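Here's the letter readout for the chains.
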Amino acid sequence: MSAPASGGAGRRGGRRAFWLAFAAILAGGLVLANAHLVYVAIGSQPGCVPHAKTAGEPGLLRAAGSSC
């Protein structure tokens, strides 16, 4: 005689579905977070800030390649 197959197999399928859904939600969250970071980086281009234009001024920082 064989035992009913409703015991462990149903639970394993439910656990697997849960973990697959959990992994999909986690991956989706990571994709959305990275998309948000790219959106903010593209949308927030800072304007010009005052800085030293020539080398040799002590205590002031100078931009490597100024676009202003």
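Just above sits the structure.
This text gives an overview of the structure that appears in the document. If you're wondering where the values come from, they're calculated on a predicted model, not measured in any experiment. (Residues numbered from 1 in each chain as written. Predicted model: local features only at pLDDT ≥ 70, side-chain atom pairs only at ≥ 80, totals over all residues. Heavy atoms only, no water.)

## Let's talk about the overall build of the chain
Spelled out, the test is: Comment: elements are numbered from the N terminus, with helices defined as DSSP H or I runs of at least four residues and strands as E runs of at least two. For every residue, the accessible area obtained with a 1.4 Å probe (protein chains only) is divided by the maximum for its type, and the residue is called buried under 20%, exposed over 50%, and partly exposed between those limits. The accessible surface values rely on the Shrake-Rupley method and a 1.4 Å probe; as for residues, cover is taken only from the protein chains in view.
What the chain contains, in helices and strands, is one helix and zero strands. Buried positions account for 1% of the 68 residues belonging to the chain. Here the chain has roughly 6300 Å² of accessible surface; of this, 68% comes from carbon and sulfur atoms.

## A short note on a nonpolar patch on the surface
Quick reminder of the rule: Patch rule: a residue counts if its relative accessible area is over 30% and it has no salt bridge; like charges are joined within 9 Å, and nonpolar side chains (Val, Leu, Ile, Met, Phe, Trp, Tyr) within 5 Å. For salt bridges, the criterion is a side-chain nitrogen of Lys or Arg within 4 Å of an Asp or Glu carboxyl oxygen.
Judged by side-chain polarity, Phe 18, Trp 19, Phe 22, Leu 26 and Leu 30 come together as a nonpolar surface patch covering roughly 580 Å² of accessible area. Along the chain, the position of Phe 18 falls in helix α1 (residues 8–43).

## Some points on the packing of aromatic side chains
To keep it simple, the criterion reads: In summary, the pairing rule links any two rings of Phe, Tyr or Trp, Trp by its six-membered ring, whose centres are within 6.5 Å, and it sorts them by plane angle into stacked for under 30 degrees, edge-to-face for over 60 and tilted for everything else.
The tally for this structure, following the rule as stated, stands at three aromatic pairs. Centroid distance Phe 18 to Trp 19: 5.1 Å. Interplanar angle 75°. Geometry classified as edge-to-face. Overall, Trp 19 belongs to the exposed group, its relative accessible area being 53%. Both rings, one in Trp 19 and one in Phe 22, keep their centres 5.5 Å apart while their planes meet at 85°; by these two values the pair is edge-to-face. Placement of the pair is Trp 19 and Phe 22 together in helix α1, with a separation of three residues, close to one helical turn. For Phe 22, a relative accessible area of 44% corresponds to the partly exposed category. Ring pairs connect the aromatic residues Phe 18, Trp 19 and Phe 22, which therefore count as one cluster.

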